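# Per-entry structural report
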Amino acid sequence: MNEKTSLQPRPHQVAAVEAVLGAFEDGQRRVVISLAPGTGTLWPASQLAALFGSDIRVLVLVNRVVQQHQWAELLHADRPGASVELIRSSAAFQTSRAAILLSTVQMARKALNAGDLPTSGFGLVIVDGCEVSDGGLVSQLDALKVGFTDLPDRRTLDMFGVKTPAFVYSFA
């Protein structure tokens, strides 16, 4: 966390980041994190993007344009000067030099189909809301992958090739 902001993570959010980092250290390349609805996937996911974005290119896939803007606001607030770009066209994947690219799943699919999205152009892919994501798109991207979901069903786990989430926080 950046001391210049008032963003205070909750313990389960810190534990989610630690679970991802631990899984990667153990050699896993795909990780699913399950957080109950309303418990805050944006903070841990954005922390991972910022941590990795200083060393490798990060692609963040979201389901709606409003989520792109939420991501950008949080990253700029917590990491002033972070190299972040909202992808609004297929061609922007080719021209962007940002370390962290924020795209909707639909735009990334369009870019992949047009040959504008390099399948090996990123070191980390984060899928926020992976339970409604495009599994075919995700499987074609050669990178470390983290999926955030509130619904860790079999389809979601299969999309990432894992048997269970690396971390679960629920109200149960």
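Preceding this section is the structure that the text describes.
To keep things clear, this report deals only with the structure shown in the data block. Keep in mind that this is a model prediction, so the values were computed, not measured.

### Regarding the layout of surface pockets
Looking at the largest pocket, its volume works out to about 320 Å³. What lines the largest pocket is a set of 20 residues, among which T41, Q67, D128, G129 and D150 lie closest to the centre. Mapped by element, the contributors of at least two residues to the lining of the largest pocket are α3 (65-78) and β6 (144-149). Top element by residues in the lining of the largest pocket is α3. It accounts for three residues. Taken together, the residues of the lining of the largest pocket sort by class into seven nonpolar, nine polar and four charged.

### Digging into the sheet that holds strand β2 (residues 58-62)
The strand order across the open sheet formed by seven strands is β3-β4-β2-β5-β6-β1-β7, and the pairing between neighbours is parallel. Two strands bound the open sheet, and with one partner strand each, they are β3 (84-86) and β7 (167-169). The mean angle between the axes of side-by-side strands here comes to 15°, regardless of whether they run parallel or antiparallel. As paired strands, β3 and strand β4 (residues 100-104) are joined by three bridges and run parallel to one another. Bridged to E85 within β4 is L101. Across the sheet, helix α1 (residues 11-25) lies against β1 (30-35), β5 (124-128), β6 and β7, angled at about 165° from β1, the strand it touches most. Set on the sheet, α3 makes contact with β2, β3, β4 and β5; between it and β4 the angle comes to about 160°.

What counts, and at which threshold
Residues numbered from 1 in each chain as written. Predicted model: local features only at pLDDT ≥ 70, side-chain atom pairs only at ≥ 80, totals over all residues. Heavy atoms only, no water. 1 Å grid on protein atoms, 1.4 Å probe; cavity = no way out; pocket = protein on both sides within 12 Å on 5 of 7 lines; lining within 4 Å. Points joined across faces, edges and corners; volume = space filled by probe spheres on them. Helix = DSSP H or I, 4+ residues; strand = E, 2+ residues; numbered from the N terminus. Nonpolar A, V, L, I, M, F, W, Y, C, P; charged D, E, K, R; others polar. Pairing = 2+ DSSP bridges. Axes fitted to C-alpha atoms, helices over the stretch in contact; angles between N-to-C directions. Contact = heavy atoms within 4.5 Å.

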